[in-house]
Amino acid sequence: MTLQEILEHRRAVRKYDPNKPLDDERVKECIRLATLAPTSSNMQLWECYHVTDPEIKRKMARACLNQQSARTAQEMVVFVTRQDRWREHAQAVLAANIEEINQNSPEKRKPHRIRLQKKYYAKLMPFSYGRFCGLLGLFRKIMVQFISLSRPVPRQVTEGDIRTVVHKSCALAAQTFMLAMSEQGYDTCPLEGFDSYLVKKALHLPHDCGINMVITCGIRMQGGVRGDRYRLPLTEFYHKV
């Protein structure tokens, strides 16, 4: 399918055909494609859970308030933020970047580029993602206010801001997954209505992770899509400056 066909095919499906199972490997490949989505500073602070077990699907349907989309889903994919893994991810990205520099950069540029990468991932990332009983975020905010008096500076530095950044990156992966599923001829529905505690309990997730999105998967039945798609006029969204 073309991109336009993929976008037009993707709808929020509320009822799936129970007689049309999905190919687990094709769904897994769509998840792999989701890993190609961009994330802030390439930190990749997300993961997903591919739910196929009938008992866990039953628990997940209850956690999703027994919505029809959840009850009839052939499978589910739950996208989760893992802000707690920032240290190991920063180290992994730094190591990969240094390896890439050593392989591909001109010899005279290597020391400078490696120094910048170490400054970014070994110093800035710990400062940005670090926590100290909530006080470090407040300190970052105060510091930014002073720096901004003399030059432009990113202002999204509180703990709430960083959490939002991580969720935005995860949402890009979730959207990429849904488009990949459409390209396969599969249907999805992103659910906002869920009990995050019950989702974590069903999937045995740590308490400090974030549930970004629960996506139900299957093949739509007749009536599974509620009416024609409605969007506000482009003039509501588009502003040329």
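Residues numbered from 1 in each chain as written. Predicted model: local features only at pLDDT ≥ 70, side-chain atom pairs only at ≥ 80, totals over all residues. Heavy atoms only, no water.

Quick notes on the overall build of the protein chain
Reasoning step 1: Within the protein chain, the regular secondary structure consists of nine helices and four strands.
Reasoning step 2: Counting from the amino terminus, the protein chain carries its helices and strands in the arrangement α-α-β-α-α-β-α-α-α-α-β-α-β.
Reasoning step 3: The C-alpha extent of the protein chain, read off along each of the three principal axes, is 60 × 40 × 40 Å.
Reasoning step 4: Long-range pairs, those at least 24 residues apart, make up 78% of the contacts in the protein chain between residues at least 6 apart in sequence.
Reasoning step 5: When the accessible surface of the protein chain is split by element, carbon and sulfur atoms take 54% of a total near 14700 Å².
Reasoning step 6: Considering the protein chain, the positive charge centre built from 38 side chains and the negative charge centre built from 25 side chains are found 8 Å apart. (Helix = DSSP H or I, 4+ residues; strand = E, 2+ residues; numbered from the N terminus. Contact = heavy atoms within 4.5 Å. Areas by Shrake-Rupley, 256 points an atom, 1.4 Å probe, with all protein chains shown as cover. Lys, Arg positive; Asp, Glu negative; His and termini not counted. Charge placed at Lys NZ, Arg CZ, Asp CG, Glu CD.)

A short note on the pattern of salt bridges
Reasoning step 1: What the rule picks out here adds up to ten salt bridges.
Reasoning step 2: Arg-85 serves as the salt-bridge partner of Glu-47, at 2.9 Å between the closest nitrogen and oxygen. Highlighted residues: Glu-47 in strand β1 (residues 46–51) and Arg-85 in the loop between β2 (75–81) and α5 (86–104), separated in sequence by 38 residues.
Reasoning step 3: Classification of Arg-85 by relative accessible area gives partly exposed; the value is 29%.
Reasoning step 4: One network of salt bridges, with partners in common, ties together Glu-47, Arg-82, Asp-84 and Arg-85. (Salt bridge = Lys/Arg side-chain N within 4 Å of Asp/Glu carboxyl O. Buried < 20%, exposed > 50% of the residue type's maximum accessible area, 1.4 Å probe, protein only.)

Considerations on unusual backbone geometry
Reasoning step 1: Phi angles above zero are rare outside glycine, and Leu-65 is one such case at about 65 degrees.
Reasoning step 2: By the element assignment, Leu-65 lies in the loop between α3 (54–63) and α4 (68–71).
Reasoning step 3: Since its relative accessible area comes to 56%, Leu-65 is described here as exposed.
Reasoning step 4: A positive phi is found at His-204, a non-glycine position, where the angle reads about 55 degrees.
Reasoning step 5: Tracing the chain through its elements places His-204 in the loop between α9 (196–203) and β4 (210–218).

Remarks on the side chain of Asp-187
Reasoning step 1: Residue position: Asp-187 is located in strand β3 (residues 187–191).
Reasoning step 2: Assessed through its relative accessible area of 3%, Asp-187 is described here as buried.
Reasoning step 3: A distance of 2.6 Å separates a polar atom in the side chain of Asp-187 from a polar atom in the side chain of Arg-220.
Reasoning step 4: Leaving out residues up to four positions away in the same chain, Asp-187 has contacts with His-9, Val-13, Tyr-16, Met-181, Thr-216, Cys-217, Gly-218, Ile-219 and Arg-220. (Polar contact = N/O pair within 3.5 Å; in protein donor to acceptor, adjacent residues only side chain to side chain.)

A few points about the side chain of Thr-188
Reasoning step 1: Note that Thr-188 resides in strand β3.
Reasoning step 2: Note on Thr-188: relative accessible area 2%, which makes it buried.
Reasoning step 3: Setting aside chain neighbours within four positions, we find Thr-188 in contact with Arg-10, Arg-11, Ala-12, Val-13, Tyr-16, Phe-177, Met-178, Met-181, Ile-215, Thr-216 and Cys-217.

Some details on the packing of aromatic side chains
Reasoning step 1: In the structure shown here, the tally under the stated rule is five aromatic pairs.
Reasoning step 2: With a centroid separation of 5.0 Å and 70 degrees between ring planes, the pair formed by Tyr-120 and Tyr-121 is classed as edge-to-face.
Reasoning step 3: A relative accessible area of 9% places Tyr-121 in the buried class.
Reasoning step 4: Clustering of aromatic rings is evident, with ring pairs tying together Trp-46, Phe-79 and Phe-177. (Phe/Tyr/Trp six-rings, centres within 6.5 Å; stacked < 30°, edge-to-face > 60°.)

Notes on the sheet that holds β2
Reasoning step 1: Reading across from one edge, β1-β2-β4-β3 is the order of the four strands in this open sheet, with antiparallel pairing throughout. In this open sheet, the two edge strands, each paired with only one partner strand, are β1 and β3. Neighbour-to-neighbour, the strand axes of this sheet turn through a mean angle of 20 degrees, independent of strand direction.
Reasoning step 2: As defined by bridge partners, β3 adjoins β4 across five bridges and the pair is classed as antiparallel. Directly across from Leu-191, in β4, lies its bridge partner Val-214.
Reasoning step 3: Against the sheet, helix α8 (residues 159–183) contacts β1, β2, β3 and β4, and its axis sits at roughly 5 degrees relative to β4.
Reasoning step 4: Contacts from α9 reach β1, β2 and β4, with the element oriented near 70 degrees to β4. (Pairing = 2+ DSSP bridges. Axes fitted to C-alpha atoms, helices over the stretch in contact; angles between N-to-C directions.)

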